[in-house]
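Reading the structure
So you can see what is in the structure, the chains are spelled out below.
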Amino acid sequence: YFRRKFMRRNKKRAVSLIACLALTVQAGAVTAYANEAAAPVSLSKIAGYTSGQYNVDGGVMEIIAYNTATDWAYAVNGQTGMLTAISMENLTANGFLELTGTEIDVKGLVENQDAAFSYGDMTSVAVSPDGTLLAAALQAEGYNDSGRAAIFGCSSDGSLTLRGIVETGIQPDMVVFADNGTILTADEGEPREGYGNGAADPRGSVTIINAEELTGTVVGFDGFDSEEKRAALVSSGIILKKNTAPSVDLEPEYIAVSDGKAYVTLQEANAIAVLNLADQSFEGIYSAGFEDYSVSPVDIDKKDDAYAPKTYGSLRGIRMPDGITAWSVNGTTYLAAANEGDGREWGDEDLGTFYLNEEEREFGEDETSPTGAITASGSGLEGKVTFFKSSDYDGLDGTKDYLFGGRTFTVYAVREDGLQEIFTSGDDFEALTAAAFPEYYNCSNDNAVLDDRSGKKGPEPESVTVGSVNGRTYVFTALERTGGVMVYDVTDPERTAYAGYINSRDFASIVDGSQVYEDGELDKWVTGGDVAPEGLALIPAEESPTGNALLLAACEVSGTVAVYQIP
């Protein structure tokens, strides 16, 4: 059974791809690059850190930040609850280096100083631009309790000194420095015990922290709760659960900062909010848009063991961005968002609080999509497809079928009246990964089964960062499921173009002891190499210990950190 499932092969090869694609194979990695569409980048893995831990469900090495003043990286280990400090000072441009790390017990340090705080877990880490401070986002043990931001001073030897703790909104899931003295947390406020029967749905917010005074202001979405303003959000394509207020339903996920404003992804609502940092108020909330699968092909058939994209007249992808990044060109701010998608599955069936907004359809002889527009007989689909349960929400077209996520990243220009979409990657990610790894196309991060994720979010773009390399600007997007990092040249955002792909996952191997069985059959396992990149950090050449730009990727399933060099 294992050999049949793990090693099955494509029988068909139907790949439509960007012209002039080239593949180069390195030790444990494949890099694909387009040599005409953009200035290509060729990445190679020159170092790596291994925690010695793994988890098929993820959550090991998650978010990573780099201190350019000290050459230390800091990664959140969600499995141990520790912050791992990793020295990069001995990196060289040639050869490979196995990195070592030191564990910092943030929980112990915080509990010693704040006895009133019941520590839950650490979710994110960030370093100030000048390298003097580090901030960690901490969630409380109680899902409806305020979180904390722990602020540390950074030493040249990688050690940290706790300077203070600031109360945040509920469930801070991401932390970022807006400048050396201002810290922001995205306070997600998920309804983790479901809906009804006394279960709370916490309010989402952004906390603005003064790092010197150790004070925080929690900014929520109450200003959008009026009937008129809620209706305006819905009419613009922002998705809200029926009979809920925006201040309760909106869940900040990630933050990018540019020119005095914070751009906040509201993943489940398929939206991006704009926060004016001077006024400490939200200026607006804008739809992230949809992928139109009547125009852009998508592969949702997980039973054909092949890359076989098709168009469907009724089908749309709800982008639901996770990571977001920002940069400026000639006075205009641009944003790039990784369109992951995210379902809601909360509560307890026995308590009557369980809720799931997925609608699974097993395409057999008589099965159809939720609207009935896609049929098994008409489409040739086989196997399970996971649709969004649109009947529970406002802001969607009842004649359309919706999938979670966009399998893309999107570039927006910030205009006076909102956000203007200027580029989306369409079917690139599926086409490129199918060309690079035809035997493992759309596999998952907890197995290497061909086509496993085609019926649900595909390669799943997770996080995104931007930076300058050799005088040009690139966006890097991590693919959580298939693995690896896509690179696009955004030097001229209006002409965004694919520039490279690296994946240092070892698909053909299996980590001994990681096997999980269901009904006596192998169901999940961790492959070798770097699996499920979660957080990215770009180190510019002028601040890199090797003299070349570096990209760090923290991988949550394999428990590793990969260091890629861009010569």
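As the structure is a computational prediction, the values presented were derived from the model and not from experiment. (Residues numbered from 1 in each chain as written. Predicted model: local features only at pLDDT ≥ 70, side-chain atom pairs only at ≥ 80, totals over all residues. Heavy atoms only, no water.)

Observations concerning the overall build of the protein
Within the protein one finds six helices and 44 strands. Over its C-alpha trace the protein gives a radius of gyration of 22 Å, about what one expects of a compact globule, namely 24 Å for 567 residues. Seen through its principal axes, the protein has C-alpha atoms that stretch 65 × 60 × 55 Å. Considering the protein as a whole, with its 567 residues, one finds that 59% of them fall into the buried category. Sequence-distant contacts in the protein: of pairs separated by 6 or more residues, those separated by 24 or more amount to 56%. (Helix = DSSP H or I, 4+ residues; strand = E, 2+ residues; numbered from the N terminus. Rg over C-alpha atoms; globule rule 2.2 N^0.38 Å. Buried < 20%, exposed > 50% of the residue type's maximum accessible area, 1.4 Å probe, protein only. Contact = heavy atoms within 4.5 Å.)

Here we look at the pattern of salt bridges
Going through the model one piece at a time under the given rule, you end up with 24 salt bridges. Residue Asp114 pairs with Arg148 through a salt bridge whose shortest N-O separation is 2.9 Å. Separated by 34 residues along the polypeptide, Asp114 in the loop between helix 2 (106-113) and strand 9 (119-127) and Arg148 in strand 11 (residues 146-154) bring together distant segments of the chain. Judged by its relative accessible area of 10%, Arg148 falls in the buried class. Salt-bridge contacts for Lys384 lead to Glu360; the nearest nitrogen and oxygen are separated by 3.7 Å. In this pair, Lys384 sits in strand 29 (residues 383-388) while Glu360 sits in strand 28 (residues 358-363), placing the two residues 24 residues apart along the sequence. A relative accessible area of 31% places Lys384 in the partly exposed class. (Salt bridge = Lys/Arg side-chain N within 4 Å of Asp/Glu carboxyl O.)

A word on the sheet that holds strand 10 (residues 133-140)
With respect to topology, four strands assemble into an open sheet ordered 9-10-11-12, the strand pairing being antiparallel. In the strand order of this sheet, the two ends are held by strand 9 and strand 12 (160-170), each with one partner. Adjacent strand axes in the sheet meet at a mean angle of 25°, parallel and antiparallel pairs treated alike. Note: strand 9 against strand 10, seven bridges, orientation antiparallel. Opposite Ser124, over in strand 10, you have Ala137 as the bridge partner. Its contacts with the sheet put helix 2 on strand 9, strand 10, strand 11 and strand 12, and the angle it makes with strand 12 is roughly 80°. (Pairing = 2+ DSSP bridges. Axes fitted to C-alpha atoms, helices over the stretch in contact; angles between N-to-C directions.)

Quick notes on the layout of surface pockets
Estimates place the volume of the second largest pocket at around 1,200 Å³. If you go around the second largest pocket, you meet 39 residues; those closest to its centre are Val127, Val176, Phe177, Thr465 and Leu538. Taken together, the elements giving at least two residues each to the lining of the second largest pocket come down to strand 4 (61-67), strand 9, strand 13 (172-179), strand 18 (252-258), strand 24 (324-329), strand 34 (461-469) and strand 42 (533-539). (1 Å grid on protein atoms, 1.4 Å probe; cavity = no way out; pocket = protein on both sides within 12 Å on 5 of 7 lines; lining within 4 Å. Points joined across faces, edges and corners; volume = space filled by probe spheres on them.)

Examining the side chain of Ser425
Looking at where Ser425 falls in the secondary structure, it is placed in the loop between strand 33 (418-424) and helix 6 (428-436). At 3.0 Å, the side chain of Ser425 forms a polar contact with the backbone nitrogen of Phe409. (Polar contact = N/O pair within 3.5 Å; in protein donor to acceptor, adjacent residues only side chain to side chain.)

Topic: the environment of Ala200
The residue Ala200 is located in the loop between strand 14 (182-187) and strand 15 (205-210) in this model. Taking the relative accessible area as the measure of exposure, Ala200 reaches 22% and is therefore partly exposed. Residues Ala200 and Tyr143, spaced 57 residues apart in sequence, show a C-alpha to C-alpha distance of 8.9 Å. When neighbours within four sequence positions are excluded, Ala200 is seen to be in contact with Tyr143, Asn144, Pro191 and Gly194.

Regarding the sheet that holds strand 3 (residues 44-50)
Ordered in space as 7-3-44-43-42, the five strands form an open sheet in which the pairing is mixed. Strands at the two margins of the open sheet, each flanked by one partner only, are strand 7 (97-99) and strand 42. On average, each strand axis in the sheet is tilted by 20° relative to the strand beside it, whichever way the strands run. Pairing analysis gives six bridges linking strand 42 to strand 43 (residues 549-555), with the strands arranged antiparallel. Its bridge partner being in strand 43, Gly535 is matched across the sheet by Ala554.

Points about empty space enclosed by the protein
The final tally for this structure, using the stated rule, is four cavities of 30 Å³ or more. Estimates place the volume of the largest cavity at around 40 Å³. Forming the boundary of the largest cavity are Tyr293, Ser296, Pro297, Val298, Gly406, Arg407, Gly426, Asp427 and Glu430. Per-class residue counts for the lining of the largest cavity are three nonpolar, three polar and three charged. (Nonpolar A, V, L, I, M, F, W, Y, C, P; charged D, E, K, R; others polar.)

Some details on helix 3 (residues 227-235)
Think of an α-helix as turning once every 3.6 residues; residues three or four places apart then point the same way. All of the buried residues along helix 3 are Arg230, Leu233 and Val234. Each buried residue of helix 3 sits inside an arc of 95° when the element is viewed along its axis, so together they form one side. Among the exposed residues of helix 3, those pointing more than 90 degrees away from its buried face are Glu228 and Ser235. Note on helix 3: the residue one or two positions beyond its end, Gly237, has a positive phi of about 95°. (Arc of directions from axis to C-beta.)

Focus: the confidence of the model for the protein
Mean pLDDT over the protein stands at 93; residues scoring 70 or higher make up 93%. pLDDT under 50 marks residues 1-28. Its contacts with residues more than four places away, or in other chains, come to 71 contacts. In the model, residues 31-35 has pLDDT below 50 throughout and makes 30 contacts with residues more than four positions away in sequence or in other chains. (pLDDT = per-residue confidence, 0-100.)

Details of unusual backbone geometry
In this model, Asp451 sits at a positive phi of 75°, which is unusual for a non-glycine residue. When you line up the elements, Asp451 lands in the loop between helix 6 and strand 34. Phi is positive for Lys457, close to 70°, though the residue is something other than glycine. Topologically, Lys457 is positioned in the loop between helix 6 and strand 34. Taking relative accessible area as the criterion, Lys457 reaches 9% and is therefore assigned buried.

Some thoughts on the pairing of strand 23 (residues 315-318)
Residues Leu315 and Gly317 point to one face of strand 23 and Arg316 and Ile318 to the other, with burial holding for every one of them. The pairing of strand 22 (residues 290-292) with strand 23 spans three bridges and is classified as antiparallel. Each bridged residue has a counterpart across the sheet, and for Phe290 the counterpart in strand 23 is Ile318. For strand 23 and strand 31 (residues 401-404), the ladder comprises four bridges, and the chain directions are parallel. Directly across from Gly317, in strand 31, lies its bridge partner Leu403.

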